[in-house]
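Residue-level structure breakdown
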Amino acid sequence: MRTAAKERLGWDLATAALFAVTMMLAFTLPSRFPGSSWLLVATGCGVAAVYAFGARRYVSIRESPEPSPLTSGLLQAALIALLAIGTTLEPTMMLLQTLVLPLIWMTSRSTRQSIIVTLLNAGILAFAYAASAAFSPGMILGGVVTSGLSAAFSVALGLWITRIAEWGSERQRLLAELTATQHGLEAASREAGAAAERARLAREVHDTIAQSLTSIVMLAERSRHDGSRDTIGLIEEAAREALREARALVVVESPASDSSASLAEALRRLGERFGRETGVPVSVTASPLVVPRDIQVVLLRCAQEGLANVRKHAAAASASLVLTVSDDAMLVVSDDGRGLDGRALDQQGGFGLSGMRDRVGLVGGTLQVRGGDTAGTTLTVRIPLAVRQETA
């Protein structure tokens, strides 16, 4: 709105200055016949009135409304007629075209209309200029040359300004589209971030707290039958572990293991705890090589999920955890339970493996689960990495 107001103010000042020059010429040039000066004044007033009460609202390049066909035609006809009358009365009044020609472009509905009306105005103006001196050869030539040059300059300048205006409009349109796209990307990014965080929390809850709670339920059922202090101690330990994991989730840390402990030690503790809770012994063979912290978390989660599946589905007598580290880290969780009849689970398979596949995939790894021909199940996680030897 401020830009449009400034544009109109500029036109107002230019029109006022031209009107003042017209009035000065009307009373300083010799009268060609009685009352001719007042006719020139009337012509100048007429052009100013057409501008002020009609054309002024269309002079803003960026924010002006488009005139209706009738309005456009009437305004342009009035401007051309007043210019022709003034030029016929006094050739010097051709200077009014410095205002009339731009207004023709401003009040046109298309570039084609602007060019046609400008050329029409040039012809009428040449005729009026020649008529001011009874069509003398010199005035005919002067009128043709003057109006022709004015029309050519007006068309060239009008096309240039129109191109700039079109470029500006296109730029604004592209900027609006870019802004809308950025807002859409921001919203999509927020939604994706929220979805990723929900998925992360779901994996963490499933792999940690849910398993601890499952242990508590199973231990509570055991204590109902034997009521031993050892079982009650295991329940307390599992409850404390679940509480620690819940607190760690709140601060977005790895809740599975002590940051000062190695992955091999965490796997051994996991196997020992599983054996005490279920009575199923777990042999643990783990490389002492250090892997990155995020890979440790993934491998430990996979070990937890693998043993949770042994607890819930395998009916196994024993299980094992094997971690090897070289160019990649490979974790193998196996048991001697009922197995899968030799079938490999697909990508959407059960046993809560969907979240594990997602977790492994985030670090560029692969996961495979396969049952033996007669018994047992093997879960294999392989993650590429660069390693360093753990110092003693």
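It should be noted that the structure appears before, not after, this text.
A brief report on the enclosed structure follows. Just so we're clear, the structure is a prediction, and the values are computed from it rather than from any experiment.

Take the pairing of strand 4 (residues 366-371) next. Burial along strand 4 is one-sided: the face carrying Leu367, Val369 and Gly371 is buried and the face carrying Thr366, Gln368 and Arg370 is not. Here six bridges tie strand 4 to strand 5 (residues 377-384), and the two strands are oriented antiparallel to one another. Bridging from a neighbouring strand, Arg370 pairs with Thr378 of strand 5.

As summarised here, the arrangement of the five strands in space is 1-2-3-5-4, forming an open sheet in which the pairing is mixed. On the outer flanks of this sheet lie strand 1 (282-286) and strand 4, each paired with one strand and no other. Direction aside, the axes of adjacent strands within the sheet are offset by 10° on average. By the bridge criterion, seven bridges tie strand 2 (residues 319-325) to strand 3 (residues 328-335) in an arrangement that is antiparallel. Across the sheet, Leu323 pairs through a bridge with Leu331, a residue of strand 3. Relative to strand 1, helix 8 (residues 263-278) is tilted by about 175°, and along the sheet it contacts strand 1, strand 2 and strand 3. This element, helix 9 (residues 293-314), spans strand 1, strand 2, strand 3 and strand 5 of the sheet and lies at about 10° to strand 3.

On inspection of all chains with the given rule, the structure shows two aromatic pairs. Measuring from centroid to centroid gives 5.2 Å for Phe27 and Trp38, while their planes differ by 80°, and the two rings are edge-to-face. In this pair, Phe27 is assigned in helix 1 (residues 2-28) and Trp38 in helix 2 (residues 36-53), connecting sequence segments eleven residues apart. The class for Phe27 is partly exposed, based on a relative accessible area of 49%. Classification of Trp38 by relative accessible area gives exposed; the value is 59%.

Let us now look at the pattern of salt bridges. This structure, assessed with the given rule, holds seven salt bridges. The residue Arg311 makes a salt bridge to Glu277 at a minimum N-O spacing of 3.1 Å. Taken together, the residues span a long stretch of sequence, with Arg311 in helix 9 and Glu277 in helix 8 at a distance of 34 residues. By relative accessible area, Arg311 is classed as buried at 18%. Residue class for Glu277 comes out buried when judged on its relative accessible area of 7%. The salt bridge partner of Asp328 is Arg382, with a shortest N-O separation of 3.5 Å. Of this pair, Asp328 sits in strand 3 while Arg382 sits in strand 5, and the two are 54 residues apart along the sequence.

Moving on, we come to helix 3 (residues 69-89). Helix length check: helix 3, at 21 residues, gives a terminal C-alpha distance of 30 Å against a target of 30 Å (1.5 Å per residue), a fit within 8%. Three or more residues of helix 3 are buried, namely Ser72, Leu75, Gln76, Leu79, Ile80, Leu82, Leu83, Ala84, Gly86, Thr87 and Leu89.

Positioned with a positive phi, Ala134 is a non-glycine residue whose angle comes to about 60°. Its relative accessible area of 66% is what places Ala134 among the exposed residues. The backbone phi angle of Phe135 is positive, close to 60°, even though this residue is not glycine. With respect to the helices, strands and loops of the structure, Phe135 is situated in the loop between helix 5 (111-131) and helix 6 (137-226). Overall, the relative accessible area of 39% leaves Phe135 in the partly exposed class.

So, how was this worked out
Residues numbered from 1 in each chain as written. Predicted model: local features only at pLDDT ≥ 70, side-chain atom pairs only at ≥ 80, totals over all residues. Heavy atoms only, no water. Buried < 20%, exposed > 50% of the residue type's maximum accessible area, 1.4 Å probe, protein only. Helix = DSSP H or I, 4+ residues; strand = E, 2+ residues; numbered from the N terminus. Pairing = 2+ DSSP bridges. Axes fitted to C-alpha atoms, helices over the stretch in contact; angles between N-to-C directions. Contact = heavy atoms within 4.5 Å. Phe/Tyr/Trp six-rings, centres within 6.5 Å; stacked < 30°, edge-to-face > 60°. Salt bridge = Lys/Arg side-chain N within 4 Å of Asp/Glu carboxyl O. Expected span 1.5 Å × (residues − 1).

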